[in-house]
Amino acid sequence: MRTQVAIIGAGPAGLLLSHLLHLQGIESVVLESRSRAEIESTIRAGVLEQGTMDILTETGVGERMRSEGALHHGIELAFDGARHRIDLTELTGKAITVYPQHEVIKDLVAARLAAQGELLFEVSGVALHGVETSQPSVTFLHGGAECKLEADFIIGCDGYHGVSRPAMPGQGLRKDFQRIYPFGWFGILVESAPSSDELIYARHDRGFALVSTRSPTVQRLYFQCDPSDHTDNWSDDRIWAELHARLENRDGWKLKEGRIFQKNIIGMRSFVSTPMQAGRLFLAGDAAHIVPPTGAKGLNLAVSDVRLLARGLDQFYRQGSEEHLNGYSDEALKRIWRAEYFSWTMTRLLHTFADATPFEREMQRAELENIVSSRALATSLAENYVGAF
Ligand code: APR
Ligand code: PHB
């Protein structure tokens, strides 16, 4: 088999890249280790920045996002018994849409298949070859057969646990940056109406909590937990008691309960792997970087990476120039580091750190007070949140 661009991984990064390349008349093949049903049902993030909404709309895959997603113009910060609204739209002119990542995946898969795009599910044993030559290739097993895909470029969109990052040549010369947080998030999906019109990010001495949503009938709630804890240790009653304690303030607002139909614990890390290019192999999305979910940036960073790659590949095939491609890593990393900074700031600001001194806890509260009482600081948070940079 031969194609122009071999893409490993059918997450948001790989699928959107394949879609953008198709619109530019560039051929690609996407290799995915899981089944279509699995990628279309795995529960992940849910917040789309304005720029992400715009690119889905401009490229013809935003229809369901607009009709089924929820457009939000603000978020709330809760601490010390009070809630404070950050008016995203008034402060930045932009908004966010809450629309689950697996729905974005469904829309992109449908678009690729409608365009006869080559999307191979349930491949295994993916291995990369010749990435420092101009004829790289990928070998893999598909339906029991050994296959070889030759391409001009390989793009690793296979997430944090994929094979592309370890296949980057010059491992000894690479620079990785990492911070692992001493807590995780306990996430639940609940059958109920929304408790709030907007997302609530709550700081509490018992730990952080977040009220998010998935649809008018399904809600997504999280609370800070020990990352080594197990969902079996948490009965529904214990979960509700914890969420009520962390979220309900003096203002009479009440969290709506409902049937909990999914529980999971996610670890939290910040991670950046550099550079994002080696010869004809490029990394995009979670394969190259991870943010803690507090800033809701993961999916949006994957989108901005592949936007840059699509531009670089367009320049290569139209003009024969590798200028944009060779600038990809530096250009992408500028935005990535800013999002890493924001996600780290939000995480630091809102979580309870077991080793924080009483003085440090007061500093955390004072920082939140500053944000909600200064238009300048609130604007900065809002700009970062909607991705207006
Ligand atoms: N071969 C083929 N496919 C693979 C391999 C492999 N060896 N390893 C992983 N994959 C697939 C995974 O099954 C997954 O479908 O690559 C895909 C990677 O997708 P994501 O992890 O969703 O990564 P990305 O597309 O970069 O999107 C980042 O995902 O984790 C969230 O919060 C994050 O929203 C962000 C988004
Ligand atoms: C989610 O709905 O899953 C979600 C929302 C906001 C975040 C993180 C996750 O910051």
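A quick note: this is a predicted structure, and the numbers were derived from the prediction, not measured.

Rules behind the numbers
Residues numbered from 1 in each chain as written. Chains lettered and ligands numbered in written order. Predicted model: local features only at pLDDT ≥ 70, side-chain atom pairs only at ≥ 80, totals over all residues. Heavy atoms only, no water. Helix = DSSP H or I, 4+ residues; strand = E, 2+ residues; numbered from the N terminus. Buried < 20%, exposed > 50% of the residue type's maximum accessible area, 1.4 Å probe, protein only. Contact = heavy atoms within 4.5 Å. Near = heavy atom within 4 Å. Polar contact = N/O pair within 3.5 Å; in protein donor to acceptor, adjacent residues only side chain to side chain. Areas by Shrake-Rupley, 256 points an atom, 1.4 Å probe, with all protein chains shown as cover. Nonpolar A, V, L, I, M, F, W, Y, C, P; charged D, E, K, R; others polar.

Caption draft 1: Inspection of unusual backbone geometry at higher detail. In this model, threonine 274 is joined to proline 275 through a cis peptide bond whose omega is -10°. Mapped onto the secondary structure, proline 275 falls in the loop between strand 17 (259-274) and strand 18 (277-278). The phi torsion at glutamate 122 lies on the positive side, around 55°, for a residue other than glycine. Looking at where glutamate 122 falls in the secondary structure, it is placed in the loop between strand 8 (118-120) and strand 9 (123-129). The class for glutamate 122 is exposed, based on a relative accessible area of 53%.

Caption draft 2: Examining the environment of proline 100 more closely. Positionally, proline 100 belongs in the loop between strand 7 (96-98) and helix 6 (101-114). Using a relative accessible area of 8% as the deciding quantity, one classes proline 100 as buried. Placed 35 residues apart in sequence, proline 100 and methionine 65 show a C-alpha to C-alpha distance of 9.0 Å. Ignoring sequence-local partners within four residues, the contact set of proline 100 consists of Ala45, Gly46 and Arg214.

Caption draft 3: Broad picture of the site of ligand 2. The environment of ligand 2 is formed by Gly46, Val47, Trp185, Leu199, Tyr201, Leu210, Ser212, Arg214, Tyr222, Pro293, Thr294 and Ala296. Separating an oxygen atom of ligand 2 from a side-chain N or O atom of serine 212 is a distance of 2.6 Å. Here ligand 2 loses 97% of its free accessible area of 280 Å² to cover by the protein chains. Going through the elements one at a time, strand 14 (199-202) and strand 15 (209-213) are the ones with two or more residues in the shell around ligand 2. Its residues assigned to classes, the shell around ligand 2 shows eight nonpolar, three polar and one charged.

All we've got here are geometric facts, nothing functional implied.
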